[in-house]
Amino acid sequence: MPRINSPAELEELRKGILSKRDPNKPCITLCSGTACHASGSEEVAVSIEEEIKKQGLSGKVDFRRTGCHGFCEKGPIIVIHPEKICYLQIEPKDIPEIVSQTIKGKKVVERLLYTDPGTNEKIIHEYEIPFYKNQKRLIFGSNGEIDPKSIDDYLALGGYSALAKALFKMTPEQVLAEVKKSNLRGRGGGGFPTGRKWEECRNAPGEIKYVIVNADEGDPGAYMDRSLLEGNPHSVLEGLIIGAYAIGSHEGYIYVRQEYPLAVENVGIAIEQAEKYGFLGENILGSGFDFTIKVHRGAGAFVSGESSALMTAIEGKVGEPRPKYIHTAVKGIWDRPSCLNNVETWATVPLIINNGADWFRGIGTEGSKGTKIFSLVGKVNNTGLVEVPMGMTLREIIFNVGGGIRGGKKFKAVQTGGPSGGVIPEKYIDLPIDFDELTKVGSMMGSGGMIVMDEDTCMVDTARYFLNFLADESCGKCVPCREGIRQMLKVLTNITKGKGKKGDIELLEELAEVTRDASLCALGRTAANPVMSTIHYFRDEYEAHIKEKRCPAYVCKELISYYIDPDKCQACMICLKQCPVGAIAGGKNQIHVIVQEKCIKCKTCFEVCPSRFNAVKKISGEPVPPPIPEEARIIARKSKEK
Amino acid sequence: MKEKKVKAAASGGDKIEQIITKYQGDASSLIQLLLEIQRANRWLPHEALKKVSKELGVPLSQIQHIATFYKAFSLIPRGRHEVQVCLGTACHVRGGPRILDRVEEVLGIQAGQTTTDMKFTLETVNCLGCCALGPVMVVDGKYHGKIAPAKAEEVLKNYD
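Residues numbered from 1 in each chain as written. Chains lettered and ligands numbered in written order. Predicted model: local features only at pLDDT ≥ 70, side-chain atom pairs only at ≥ 80, totals over all residues.

## Things to note about the overall build of chain B
Regarding its fold elements, chain B presents seven helices and four strands. When the helices and strands of chain B are read in sequence order from the N terminus, they spell out α-α-α-α-β-α-α-β-β-β-α. Oriented by its inertia axes, the alpha-carbon framework of chain B measures out at about 50 × 30 × 30 Å. A buried classification covers 42% of the 160 residues belonging to chain B. When contacts within chain B are restricted to residue pairs at least 6 apart in sequence, long-range pairs at least 24 apart make up 60% of them. (Helix = DSSP H or I, 4+ residues; strand = E, 2+ residues; numbered from the N terminus. Buried ≥ 20, exposed ≤ 12 C-beta atoms within 10 Å, placed from the backbone. Contact = placed C-beta atoms within 7 Å.)

Following this line, the structure appears as structure tokens:
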């Protein structure tokens, strides 16, 4: 691997790579992101390799394990280039057919295609599937085309050209001005203008400065940073090096959760490759600019994703936040100026440098430019990672991209911003999503988690869930956060257990206000959001829990019961056999009855009761009807009579 | 580092010694060093922490602070098999807590505990990043997606 010493040499190298690649040669790409991996993509990979050999196609077809394609719901995913034929939910047994039919015979295997649930139409190409068609995949799009362990794949797509442009055609001031002009805002949560942060760090006194990638993605239900770092690590490195150049930093850190082993591995490989090619290290591309990167694995603490806490953790100490009267851009790691941005933010920088700030400003809304990756999860049909322009409405995201609500249920709310965010009810479904609009309705962008909830989701339970998470993750350093969260959790738990009292809602509001106003860091300051927003939009649900001891969504165990309707039960024995605690009495030809004292409310009976009988009922807020007398339980079946 | 798939040795002495030596007394590497010991030995014995304290010149109290603050570390021995039930938001709304209830009942332990025969350690995690598969249970790194309580019980029977 030769070291590259000038932009001209870089272009030479790129030409060399491209000349060896025939754009018409068939290439099978297989998603090997975490979700597809969990669905068995590695077994599929092995069988692709075997089958290519077996059918005598070695050298005639390329095969690539790529990063996450985003459509996790339908994994493992195969896309065959150059046509971009997309096959979904692939198993090893499908491979011989794919290789013989599609690669050799140029024919499409119909049964593996995407079927539009509305029209039942089969869709051949990836870009025509509604999930992809309605997105704008600027940052995430390359994920499906490159092997994250191959720097040549990144270079073939124009990789590191933005770095060459920044180092040789722009001064650091010009790079900074371009990023400022683009109005890029931090993708990690708060949406602080990236250019301003860079400028503050650049102007801060001190010779040694640091730049940091925050890959401590801790929001439960958000995984776009992981997929980006796993799937396209060089794009993050390139952004970081450009940022370092603009700020005047020569040392960088990537802080990544150790729970993301594949991201740690791929980013490590990427750094090694970039060093060999001369994109990292001394005298980068012969420009005279030096920059090195170290990887720091986080040991599992949500609060360590907060900038000052993260920097303390890099120093090898406990990752607790500190007051930020002085920004970390001025005093960060070892009290030196340190600029921290999220993975997605860094990955956006090369695009801005290559295409210009004006191009970037052309996408999105007035206050929020560009695209944003969301993890669209929960009760939605097309779970996955979606990248859309800022300003797209919730309706478009959930219904056009996400394919609507699972099982034909009714949409209730969407939760954004993780534990720091709030719920957005149905009435705001046409809300254009950007930083400011989300804040206006009491939620926030956060890192981009978007959890869709249907009629079966209890809002009090949702608030309790997040507070429980935060109670675990609060570092305990400041009292308002430590105690505020704990006390709110206590009240919420009582309400979900049917022990709610009059005045609880007001007490929650008071606690929420104090926690928000008096906490040290963003974890505490935003901890009340899940509580405030659920009370604001779903006060009636709180009241039902407190006054009527009723859970309208039938979620809170202590407030619900299961009951078998004797008129509908056909004594089929299914629920009786599956009940894990033997709480169902009955037998063959004998109507089943749930023994309420034994029932642990695991919902198994409700789920296994055949839909043609539909005999198991959920009850909340009213007493369970008394069991029918034993003698009335016998079902006389005509067919059994001889 | 990939080859470190080691059975829980009683003390793990040599391995730990090697890891500590590797970091050459660099106190800022404390967390990275502890992560490596945890990975190689699956828990942090008190003796090892004392050694780390001496070699890095970091007070034991500070090491204890770190070892108890971060989730990755365990100060007690762990079972042969690690069971993780995801309680991330997506899994939560899709019934993750019901999986946990059943697993706790089957194993007779609470999340965070190890069975007395040292067979299983049960943990909850806050999102594994494969929300499409929710609810998810992971046993020794193998993902079991879209799992039902009864299926979770089945899966655990396959381990000894």
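## Brief notes about the packing of helix H19 (residues 479-496) of chain A against helix H22 (residues 529-547) of chain A
Residue and element names in this part refer to chain A. Across the interface, H19 lies against H22 with an axial gap of 11 Å and an inter-helix angle of 35 degrees. You can see that H19 and H22 cross each other, and the crossing is left-handed. Here Met488, Ile495 and Thr496 of H19 lie close against H22, whose contacting residues are Val531, Tyr542, His545 and Ile546. Taken together, the residues that form the contact of H19 with H22 break down as five nonpolar, two polar and no charged. (Axes fitted to C-alpha atoms, helices over the stretch in contact; angles between N-to-C directions. Left-handed = near helix turned anticlockwise from the far one by under 90°. Nonpolar A, V, L, I, M, F, W, Y, C, P; charged D, E, K, R; others polar.)

## Quick look at the environment of Lys149(A)
All names here are of chain A. On the secondary structure map, Lys149 appears in the loop between helix H5 (130-133) and helix H6 (151-156). Sequence-wise, Lys149 and Arg65 are 84 residues apart; in three dimensions their C-alpha atoms are separated by 9.1 Å. Once residues lying within four places of it in the same chain are set aside, the contact partners of Lys149 are Asn266 and Ile269.

## Concerning the domain arrangement of chain B
One widely used convention gives an interface's size as the accessible area the parts lose upon coming together. According to the domain assignment, chain B consists of domain 1 (2-69) and domain 2 (81-157). The C-alpha centroid of domain 2 of chain B is placed 28 Å from the C-alpha centroid of domain 1 of chain B. (Domains from an automatic or database assignment.)

## Re the sheet that holds strand E1 (residues 81-86) of chain B
All names here are of chain B. In space, the four strands of this open sheet follow the order E2-E1-E3-E4, with mixed pairing throughout. If you trace the sheet from one side to the other, it starts and ends with strand E2 (120-125) and strand E4 (142-144), each paired once. Taking each pair of neighbouring strands and ignoring which way they run, the sheet shows an average axis angle of 20 degrees. Where E1 meets strand E3 (residues 137-139), three bridges bridge the pair, whose relative direction is antiparallel. In the sheet register, Val83 faces E3, and the bridge partner there is Val139. Against the sheet, helix H6 (residues 96-107) engages E1, E2 and E3, with an angle of about 150 degrees to E1. (Pairing = 2+ DSSP bridges.)

## Comments concerning the environment of Cys31(A)
All names here are of chain A. Relative to the elements of secondary structure, Cys31 occurs in strand E1 (residues 27-31). Residue classification places Cys31 among the buried residues on the basis of 29 C-beta atoms within 10 Å. Separated by 389 residues in the primary sequence, Cys31 and Ser420 have C-alpha atoms spaced 31 Å apart. The residues contacting Cys31, other than those within four sequence positions of it, are Cys36, Ser41, Thr66, Cys68, His69, Gly75, Pro76, Ile77 and Gly144.

## Thoughts on the confidence of the model for chain B
Residues and elements named next belong to chain B. Overall, the predicted model of chain B reaches an average pLDDT of 87, with 92% of residues at or above 70. In the predicted structure, residues 1-10 sits below a pLDDT of 50 and forms seven contacts with residues beyond four places in sequence or in another chain. Interface confidence for the predicted complex, expressed as ipTM, amounts to 0.84; the pTM equals 0.91. (pLDDT = per-residue confidence, 0-100.)

## Quick look at the packing of helix H8 (residues 172-182) of chain A against helix H9 (residues 194-203) of chain A
Residues and elements named next belong to chain A. Contact geometry for H8 and H9: axes closest at 7 Å, N-to-C directions at 150 degrees. For the pair formed by H8 and H9, the contact residues are Leu176, Val179 and Lys180 on the first element and Thr194, Gly195, Arg196, Trp198, Glu199 and Arg202 on the second. The residue inventory of the contact of H8 with H9, partitioned by class, reads three nonpolar, two polar and four charged.

## Some points on helix H7 (residues 149-156) of chain B
Looking at H7(B), one finds that the buried residues are Pro149(B), Ala152(B) and Leu156(B). Buried residues in H7(B), looked at end-on, bunch into an arc of 55 degrees, giving them a common side. In this fold, the buried residues of H7(B) make contact with helix H24 (604-608) of chain A together with H6 and E3 of chain B. (Arc of directions from axis to C-beta.)

## Looking at the interface of chain A and chain B
In this complex, chain A contributes 38 residues to the contact, which on the side of chain B involves 33 residues. Of the residues that constitute the side of chain A that touches chain B, the class distribution is 16 nonpolar, 16 polar and six charged.

## Quick word on H6(B)
Residues and elements named next belong to chain B. In a regular helix each residue adds 1.5 Å, so 12 residues correspond to 16 Å; H6 covers 17 Å between its end C-alpha atoms and thus fits that length. Looking at the buried side of H6, the elements it contacts are E1, helix H5 (89-93), E2, E3 and H7. Following H6 by one or two positions, Gly108 has its phi on the positive side, about 70 degrees. (Expected span 1.5 Å × (residues − 1).)

## Notes on the sheet that holds strand E10 (residues 338-342) of chain A
Residues and elements named next belong to chain A. An order of E9-E8-E7-E10 is seen for the four strands of this open sheet, with the pairing classed as parallel. Across the chains shown, the open sheet's two edge strands, defined by having one partner strand only, are strand E9 (292-298) and E10. Between one strand axis and the next, the sheet turns by 20 degrees as a mean value, whatever way the strands run. Here strand E7 (residues 210-215) runs beside strand E8 (residues 251-257); their pairing, made up of six bridges, is parallel. In the strand pairing of E8, Val211 is matched with Gly252. Contacts between helix H11 (residues 233-247) and the sheet are confined to E7, E8, E9 and E10, with E7 contributing the most and set at about 150 degrees to the helix.

## What about the nonpolar core?
Membership of the largest hydrophobic core comes to 224 residues, with the highest contact counts inside it found for Ile241(A), Ile242(A), Ile397(A), Met488(A), Leu34(B) and Cys130(B). If sequence neighbours within four positions are ignored, Cys130(B) has contacts with Thr34(A), Ala35(A), Ala38(A), Cys72(A), Val136(B), Tyr143(B) and Gly145(B). Ranked by size, the runner-up nonpolar core spans 17 residues in total, among them Tyr563(A), Ala571(A), Cys575(A) and Ile594(A). (Core = buried A, V, L, I, M, F, W, Y, C linked by C-beta atoms within 7 Å.)

## Section: unusual backbone geometry
All names here are of chain A. A cis amide bond, omega -10 degrees, links Gly75 with the succeeding residue Pro76. Relative to the elements of secondary structure, Pro76 occurs in the loop between strand E2 (62-66) and strand E3 (78-81). A cis amide bond links His81 to the next residue, Pro82, at an omega of 5 degrees. With respect to the secondary-structure elements, Pro82 resides in the loop between E3 and strand E4 (85-87). In the Ramachandran plot, Gln89 falls in the positive-phi region, its phi being about 45 degrees despite a non-glycine side chain. Among the structural elements, Gln89 can be located in the loop between E4 and helix H4 (95-104). Unusually for a residue other than glycine, Met573 sits at a positive phi of about 75 degrees. Locating Met573 in the fold gives a position in the loop between strand E16 (560-564) and helix H23 (574-578).

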